[in-house]
Protein chains: 2
Amino acid sequence: MKAGSAQWWRARYAARERQRPRAGGLELGRITRAALEIVDAEGLAALTMRRVAEEIGVRHTSLYRHVASRDELLVELVDHVLGEVVPQTTGRGWRADLEQAAWEFRRVLLAHPAIVPLLTLGQLLGPHALRGREFGLGLLTRAGWAPSRAVHIYLTVAHFVIGTALLGTGGAARGAEERTAMTELFAGLPQYPLVRELAEPLNIPDGDQEFDFGLTALLNGMGDPR
Amino acid sequence: MKAGSAQWWRARYAARERQRPRAGGLELGRITRAALEIVDAEGLAALTMRRVAEEIGVRHTSLYRHVASRDELLVELVDHVLGEVVPQTTGRGWRADLEQAAWEFRRVLLAHPAIVPLLTLGQLLGPHALRGREFGLGLLTRAGWAPSRAVHIYLTVAHFVIGTALLGTGGAARGAEERTAMTELFAGLPQYPLVRELAEPLNIPDGDQEFDFGLTALLNGMGDPR
DNA sequence: ACCTGAACACCGTTCAAGT
DNA sequence: ACCTGAACACCGTTCAAGT
């Protein structure tokens, strides 16, 4: 069964209910916490089963009693990080609430850049993901949006947050020396005059500004609940 | 030097100019073409150096003469796929042109779902990526958008296309049995009443409709060139 | 029930040797 | 200049054996 699929999640929830952890034993939380530490400090490539086990002080084969594969561990890690998202209502209407939730989601993702690519590994159906989903749908339906419209808006904004985080972290992130390298690169490519001319605004590494621009346009374009 | 970084691309362009391939020899194009075949048919996990070499009929260590690492191969593969994007003007104004380009970009990504996650590996600075960038910036500036505005619009739309493709392909893609599994999953989770109530619209696997909704909202919200 | 040890198949990458 | 062969270090995963 593929880790992160709906079928997998269903089995996972059932197993979690059945489970009674014994005192002093290794549990899933200890594993995901160790995994997050490694991934935050050293990146995704450093996250091996052996490395996680070493961090905890156990043989790496022991992990397979709690997690069926590395992929399962990664899926669990994603929902663990999603637990840091704490959406709150603002008292200033649905649009302000949605914007605040989007920025809060973005904040958490940027705090753990290495796990962002993992969001595409499976479906976001863990307890923390569903908590966020419930919150978003709640504020939209309470504002008067029709159910199918609320779903569309929720999914579009969520995907926008994830998409911009994906492109803004990792390989696409721009430092100072990256920017000078880019200028030099474009200088040697006369085939693309506009790319060269607009090199400066293209390379300003202000992801927050771009995020603000896109989110505002998105919400402007959606109108109001009938 | 990190594959996909601006510095890497700079060296890569320079090396490509220097290169004179000898007749009958192995060249990069042959490698990326074999890689794409494998990845389309069997997914990203099947794309090993040994497998690519086998497909071509050569020892796997030979690949390292043309590509410094597996990561380099993946970055080259991305730009290779981007070559399939053929944006065209419509004669119906900048907005129609931009929408058409966005759909064309989406079409190519969905045709090669396994490579979509690779778009986040490095910067999109290959020749085909820059060709698309030049096209997008061209149609926007010709329409009268101020340069910095054109850049924002271009980046936002491009990131939107990639973001929705990322979440719509791979693990998040929904088949029929996935949807029934999701219904059963929600039925057992009374903690999330709205998620359960809206399960049906949430699980309709119509990515095109969601894409259309988001793209329209985005462009609606951007207004017109001054 | 949980952890350990040994083992398996398979990776990416390096490098001296051939032509 | 390019390809080959052998080798290295390191993976994820399985499973019988211990407690």
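Residues numbered from 1 in each chain as written. Chains lettered and ligands numbered in written order. Predicted model: local features only at pLDDT ≥ 70, side-chain atom pairs only at ≥ 80, totals over all residues. Heavy atoms only, no water.

1. Here we look at the overall build of chain A
Stated precisely, the cut-off is as follows: The helix count covers DSSP runs of H or I at least four residues long, the strand count covers runs of E at least two residues long, and both are numbered beginning at the N terminus. Exposure categories follow from relative accessible area, calculated using a 1.4 Å probe and restricted to protein chains: below 20% of the type maximum is buried, above 50% is exposed, and the middle band is partly exposed. The contact definition used throughout considers only heavy atoms, calling two residues in contact when any of these lie within 4.5 Å. Each accessible area is a Shrake-Rupley estimate made with a 1.4 Å probe; only the visible protein chains count as cover when residues are assessed. The charge count treats Lys and Arg as positive and Asp and Glu as negative. His and the chain ends do not count. Charge placement uses NZ in Lys and CZ in Arg. For Asp and Glu, CG and CD serve respectively.
Broken down by element type, chain A carries eleven helices and zero strands. Helices and strands appear in chain A in the N-to-C order α-α-α-α-α-α-α-α-α-α-α. The principal-axis extents of the C-alpha atoms in chain A amount to approximately 65 × 50 × 30 Å. Per-residue burial for chain A yields a buried fraction of 50% across its 226 residues. The long-range share in chain A, meaning contacts at least 24 apart out of those at least 6 apart in sequence, stands at 68%. Counting only carbon and sulfur atoms, one obtains 50% of the accessible surface of chain A, whose full area is about 10,600 Å². Across chain A, the mean location of the 26 positive side-chain charges is 10 Å away from that of the 26 negative side-chain charges.

2. Observations concerning the packing of helix 2 (residues 28-42) of chain B against helix 4 (residues 70-82) of chain B
Residues and elements named next belong to chain B. Defined as follows: Where helices are involved, their axes are fitted lines through C-alpha atoms of the stretch in contact, as for all axes, and angles between N-to-C directions lie from 0 to 180°. In these notes the angle categories are as follows: under 35 degrees is roughly parallel, over 145 is roughly antiparallel, 65 to 115 is roughly perpendicular, and the rest is oblique. When residues are sorted by character, Ala, Val, Leu, Ile, Met, Phe, Trp, Tyr, Cys and Pro go into the nonpolar class, Asp, Glu, Lys and Arg into the charged class, and all the rest, Gly among them, into the polar class.
At a minimum axis separation of 9 Å, helix 2 and helix 4 run at an interaxial angle of 85°. If you check the angle between helix 2 and helix 4, you find them roughly perpendicular. Along its contact with helix 2, which presents Leu28, Ile31, Thr32, Arg33, Ala35 and Leu36, the element helix 4 presents Leu73, Glu76, Leu77, His80 and Val81. In terms of residue class, the contact of helix 2 with helix 4 is made up of seven nonpolar, two polar and two charged.

3. Some remarks on the protein's contact with DNA strand C
How we decide: The criterion for a residue being near a molecule or strand is simple. One of its heavy atoms has to lie within 4 Å of it.
Close contacts around DNA strand C come from 15 residues, with Ser62(A), Arg50(B), Thr61(B), Tyr64(B) and Arg70(B) the closest. Atoms of DNA strand C within 4 Å of the protein: sugar and phosphate make up 47%, bases the balance. Residues of the surface near DNA strand C, tallied by class, amount to four nonpolar, seven polar and four charged.

4. Focus on the interface of chain B and chain A
Inclusion rule: Here the quantity called buried area is the total loss of accessible area, with a 1.4 Å probe, experienced by two parts when brought into contact, counted for both. What counts as a salt bridge is simple: a side-chain nitrogen of Lys or Arg found within 4 Å of a carboxyl oxygen of Asp or Glu. A 3.5 Å cut-off defines polar contacts: any pair of N or O atoms within that distance qualifies, except that in protein one atom must be a possible hydrogen donor and the other a possible acceptor, and neighbouring residues in sequence count only when both atoms are side-chain atoms.
In this assembly, 61 residues from chain B lie in contact with 61 residues from chain A. Taken together, both faces of the contact between chain B and chain A bury some 5,900 Å²; the carbon and sulfur share is 70%. Of all residues in chain B, the largest losses of buried area upon contact with chain A belong to Glu134(B), Leu167(B) and Phe213(B), amounting jointly to 11% of the total for that side. In this assembly, chain B and chain A are joined by two salt bridges. One salt bridge connects Glu184(B) with Arg10(A), and the closest N-O pair in it is separated by 2.8 Å. The interface formed by chain B and chain A contains 16 residue pairs in polar contact (both at pLDDT 80 or more). For the side of chain B that touches chain A, the secondary structure elements donating two or more residues are helix 1 (6-18), helix 6 (127-142), helix 7 (147-168), helix 8 (176-187), helix 9 (193-197), helix 10 (199-203) and helix 11 (207-220) of chain B. Top element by residues in the side of chain B that touches chain A is helix 7 of chain B. It accounts for 13 residues. Across the side of chain B that touches chain A, the residue classes tally to 34 nonpolar, 16 polar and eleven charged.

5. Topic: the relation of the copies chain B and chain A
Our working definition: Copies are brought into register by a least-squares superposition over C-alpha atoms of residues with pLDDT of at least 70 in both.
Superposition of chain B onto chain A requires a rotation of 180° combined with a translation of 0.0 Å along the rotation axis, giving an RMSD of 0.0 Å. Taken together, the rotation and translation relating the two chain copies correspond to the operation of a two-fold axis.

6. A short note on helix 11 (residues 207-220) of chain A
Where we set the bar: Expected helix span is taken as 1.5 Å per residue step, with the number of steps being one fewer than the number of residues.
Under the 1.5 Å per step criterion, the end-to-end length of helix 11 of chain A is 20 Å for 14 residues, consistent within 8% with the ideal 20 Å. Among the residues of helix 11 of chain A, Glu210(A), Phe211(A), Phe213(A), Gly214(A), Leu215(A), Ala217(A), Leu218(A) and Leu219(A) are the ones counted as buried. Looking at the buried side of helix 11 of chain A, the elements it contacts are helix 5 (94-111) and helix 7 (147-168) of chain A together with helix 7 and helix 11 of chain B.

7. Let's talk about the packing of helix 6 (residues 127-142) of chain A against helix 7 of chain A
Residue and element names in this part refer to chain A. Worth spelling out the cut-off: What makes a crossing left-handed is the near helix being turned counterclockwise from the far one by less than a right angle; a clockwise turn instead makes it right-handed.
Here helix 6 crosses helix 7 at 130°, and the two axes come no closer than 9 Å. By the angle class used here, helix 6 and helix 7 are oblique. Of the two elements, helix 6 crosses helix 7, and the hand of that crossing is right-handed. From helix 6, Gly132, Arg133, Gly136, Leu137, Leu140 and Thr141 reach across to helix 7, where they touch Ala150, Val151, Ile153 and Tyr154. Residue classes in the contact of helix 6 with helix 7 are distributed as six nonpolar, three polar and one charged.

8. Let's talk about the protein's contact with DNA strand D
Neighbouring residues of DNA strand D: 15 residues in total, closest Arg50(A), Thr61(A), Tyr64(A), Arg70(A) and Ser62(B). Take the atoms of DNA strand D that sit within 4 Å of the protein: sugar and phosphate atoms are 47% of them. At 2.5 Å, a side-chain N or O of Arg50(A) approaches a base nitrogen of DNA strand D. Ser62(B) places a polar side-chain atom, nitrogen or oxygen, 2.9 Å from a phosphate oxygen of DNA strand D.

9. Section: the domain arrangement of chain A
Residue and element names in this part refer to chain A. Put simply, the rule is: All domain edges in this entry derive from an automatic or database-based domain assignment.
We note that the domain assignment places domain 1 (6-82) and domain 2 (94-222) within chain A. Taking only C-alpha atoms into account, the centre of domain 1 sits 28 Å from that of domain 2. The interface is formed by 18 residues belonging to domain 1 together with 17 residues belonging to domain 2. Taken over both partners, the interface formed by domain 1 and domain 2 buries close to 1,500 Å², and the fraction arising from carbon and sulfur atoms is 72%.

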